[in-house]
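What follows is each chain in one-letter form.
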Amino acid sequence: MQIAKLVKVARQLCQPGKGILAADESSGTIAKRFKQINLPSTESNRKSWRELLFTTRGISQFISGVILYDETIRQGLGQVIKKNGMIPGIKVDTGAKPMAGFPGETVTEGLDGLRERLAEYVKLGAQFTKWRAVTNLGKGLPTKPVLEANAQALARFAVLSQEAGLVPIVEPETLMEGQHDIQTHARATKKTLITVFDQLKQFRVYLPGMLLKTNLVASGLAATKQADSSAVAKATLAVFKAVVPQTVPGIMFLSGGMSPEASTVNLDAINKVGRQPWQLSFSYGRALQGEALEIWNGQSKNKPAAQQAFYQRAQKIAWARQGRL
Ligand code: 13P
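First things first, this report covers the structure right here in the doc. Remember, predicted model here, so these are calculated numbers, not experimental data.

## Remarks on the environment of D112
Its location among the elements puts D112 in the loop between β5 (106–108) and α6 (114–123). Placed 210 residues apart in sequence, D112 and Q322 show a C-alpha to C-alpha distance of 39 Å.

See the structure below:
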């Protein structure tokens with residue numbers, strides 16, 4: 001295992017003042033995002049959108065790395081990211097699929113042939129990888145067997161990535177969708193993370209050479225009573241302190257459907273609490289891209305305004321990542 005390289009890249013990705021842009025929407029997900037602006041999801045539209053983001057002048061002040069999707073890295077955009085001072089990475093799971101026998105739960109697939117795919121991504125310039133597993137809430141959910149199946153796949157993905165010299169971003173996401181209260185979300189997040197770190201240990205994943213990507217602990221997006229940002233920070237840190245080993249260099253939050261502003265304010269609140277054993281940063285998709293996408297609207301004349309909106313949101317999130325909003 002190339003330990004020194006893994007540690008170096010992991011630390012670069014979560015370095016103070018910077019975080020990750022998640023631009024790894026699968027074909028299905030990007031089609032959903034484009035539908036909101038009535039844009040057909042063609043290969044050239046997808047490329048234009050991603051190029052607009054990655055070539056925004058000065059964006060590497062705030063963004064350390066970018067997660068790509070298979071199609072995007074093959075379009076040569078990994079080189080564009082590198083040229084603009086950021087590190088290219090790649091999503092390698094093939095999606096969360098319904099788990100047979102467990103209604104309402106999913107298991108993330110993609111382990112078959114992964115060693116060979118990783119070798120190819122190394123040739124295409126990737127320096128890190130991502131795999132997302134989902135914990136669903138509901139009556140009697142999450143179940144132990146599904147938590148374990150997802151955690152074991154995350155661990156196997158992580159150790160294969162490290163073998164290939166790639167920093168794994170281990171992403172267990174406990175969904176924010178729903179009407180649950182913050183305590184329910186805290187319990188499910190804690191259960192998920194305990195199971196994940198147990199499997200990471202058993203499968204000999206080298207913790208200083210990986211990053212954790214996960215959710216903030218929060219009220220359900222549709223809950224009538226919303227916990228404020230200081231309650232979100234407190235509940236999230238309580239779970240991490242109980243569960244996340246201090247040798248993990250960084251925890252990168254996903255935005256998970258929270259608005260750009262809420263994602264920013266919550267990140268600021270958690271970084272205002274004070275020094276923690278891990279860097280507390282971001283790996284946002286929707287929160288970084290949402291406003292710019294609306295402004296762009298698929299039209300090249302809107303490109304400068306869209307890049308400006310993306311720059312401004314990234315700047316604000318980078319300040320929040322230092323608790324300096
Ligand atoms: P969101 O920030 O839009 O949740 O996307 C992050 C991500 O990469 C989910 O896998």
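## Some remarks on the pairing of strand β1 (residues 19–22)
The pairing of β1 with strand β2 (residues 63–68) spans four bridges and is classified as parallel. For A22, the partnering residue across the bridge sits in β2 and is I67. Here β1 pairs with strand β10 (residues 279–284) via two bridges, running parallel. Following the sheet pairing, L21 is matched in β10 by Y284.

## Concerning the packing of aromatic side chains
Evaluated as defined, the whole model comprises seven aromatic pairs. With a centroid separation of 5.2 Å and an interplanar angle of 25 degrees, the aromatic rings of W49 and W296 are classed as stacked. In this pair, W49 is assigned in helix α3 (residues 43–54) and W296 in helix α11 (residues 286–296), connecting sequence segments 247 residues apart. By the burial criterion, W49 is buried, and W296 matches it. Taken together, F34, W49 and W296 form an aromatic cluster joined through their ring pairs.

## Comments concerning the side chain of T56
Here T56 is to be found in the loop between α3 and β2. By relative accessible area, T56 is classed as buried at 4%. Within the local environment of T56, its side chain forms a polar contact with the backbone oxygen of L52, the two atoms lying 2.9 Å apart. Looking at T56, its side chain comes within polar contact range of the main-chain oxygen of L53, at 3.1 Å.

## Quick word on the site of the ligand
Looking at the ligand, there are 13 residues lining it, with K130, K213, S255, G256 and R286 nearest. Within the side chain of E171, one N or O atom sits 3.0 Å away from an oxygen atom of the ligand. Here an oxygen atom of the ligand and a side-chain polar atom of S255 are 2.4 Å apart. Protein contact buries 91% of the 300 Å² of open area that the ligand shows by itself.

Rules behind the numbers
Residues numbered from 1 in each chain as written. Predicted model: local features only at pLDDT ≥ 70, side-chain atom pairs only at ≥ 80, totals over all residues. Heavy atoms only, no water. Helix = DSSP H or I, 4+ residues; strand = E, 2+ residues; numbered from the N terminus. Pairing = 2+ DSSP bridges. Phe/Tyr/Trp six-rings, centres within 6.5 Å; stacked < 30°, edge-to-face > 60°. Buried < 20%, exposed > 50% of the residue type's maximum accessible area, 1.4 Å probe, protein only. Polar contact = N/O pair within 3.5 Å; in protein donor to acceptor, adjacent residues only side chain to side chain. Near = heavy atom within 4 Å. Areas by Shrake-Rupley, 256 points an atom, 1.4 Å probe, with all protein chains shown as cover.

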